[in-house]
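Architecture at a glance
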Amino acid sequence: ETIVYADKKQLELLRDTSFAKRGETDSLRAVIYRFMPAHVVYNSIANAENYITLDKGADDGIREDMGVMSPNGIVGVVMSVSPHFSLVIPVLNPKFRLSCKTKNSNYFGSLVWDGGDPRYTYLQELPRHVEFDLSDTIVTSGYSTIFPEGLLVGTIVDSQKQKNDNYNSVKIKLFTNFTTLTDVLIITNRLQGEQRNLHKIVKI
C-alpha cells in the first residue's frame, strides 16, 4: 500500500503545533495521518451549542469522526457530512469531550466547555495530587482514534476543586482563536477503523 504524506504546504501549517516539533522520530507518526486543508464557511461562538461548517465533504473523502485543527490548536470533530460540506462540533460545544493531558506530567483529563467565554474551556477529572503551574501547556493525550498525541490545546490559567475532592478542574485558555477562524486542517487517521474494531472486543 502506498503511504500518503501531508504535502509541503500542509506540513508548514503544522509547524506551530507540538505534533510537528517532537523530532524526526515522532514525525514518522505522520504516516498514519493525512491532513486536508478546508475553509470555514459558517461559524458560531455565542450559542449554547456552537457548530462550524467547512467547504469539504464526502466527495472530498471526508467522513464522520475526523478531527479538525487550526494552525494553532485543535478545533473539533466532524459530526456529519454532505457531498460538499462538513458539519463540525467544535470545542465550544458542551457536547464535545476529548481526552487531553498536561504536557509536562502526562496526567490526563476530559476537556469540556462550560458554555461561557469562547476563549476558555476546562480540563476536568485531573487527579488531585497532580502538580502543575499556571501557563503549563495542555495537549491532546492520543487516547483517541481521532487526534494524534501532542496537538496543542491551550495553557492553564486557573484551577479549582471539583465536587469530588479527589479531582481538580483547570481553566484553559485556548490557542485556537474561534472568533477569527477561517482555515483549518481535517485529520484522517488511516488506521482508525482497525483500532475501533479492536476496541469493540472489550467495548471500549
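Just above, that's the structure.
For the structure given in this document, a descriptive report is provided here. Just so you know, these numbers come straight off a predicted model, no measurement behind them.

**Structural notes on the sheet that holds strand E4 (residues 74-81)**
Read around the barrel, 6 strands follow the order E1-E2-E5-E4-E3-E12 and close on themselves; strand pairing throughout is antiparallel. The average angle at which neighbouring strand axes cross in this sheet is 40°, direction not considered. Taken together, the 3 bridges between strand E3 (residues 67-69) and E4 define a ladder with antiparallel strand orientation. Bridge assignment links Met-69 to a residue of E4, and that residue is Ile-74.

**Observations regarding the pattern of salt bridges**
Summed over the entire model, instances satisfying the criterion amount to 4 salt bridges. For the salt bridge of Lys-101 with Glu-149, the shortest nitrogen-to-oxygen distance reads 2.5 Å. Residue Lys-101 is found in strand E6 (residues 98-102), and its partner Glu-149 is found in the loop between strand E9 (137-140) and strand E10 (152-161); the two are separated by 48 residues along the sequence. Note on Lys-101: relative accessible area 7%, which makes it buried.

Criteria and cut-off values
- Throughout, a residue's number is its position along its own chain's written sequence, starting from 1.
- Residue-level local features of this predicted model are given only where pLDDT is at least 70; pairs of side-chain atoms are given and counted only at 80 or more, and the full residue set underlies all totals for whole chains, interfaces and linings.
- In computing side-chain values, all of the structure's heavy atoms are included and hydrogens and water are not.
- Pairing between two strands is assigned when DSSP locates at least 2 bridges connecting them.
- The helix and strand labels rest on DSSP assignments: H or I over at least four residues marks a helix, E over at least two residues marks a strand, and numbering proceeds from the N terminus.
- For helices, the fitted line uses only the C-alpha atoms of the stretch in contact; every axis is such a line through C-alpha atoms, and the angle between N-to-C directions lies from 0 to 180 degrees.
- One side-chain nitrogen of Lys or Arg within 4 Å of one carboxyl oxygen of Asp or Glu is enough to make a salt bridge.
- For the exposure calls, accessible area comes from a 1.4 Å probe over protein chains only, and a residue counts as buried if that area is under 20% of its type's maximum, exposed if over 50%, partly exposed in between.

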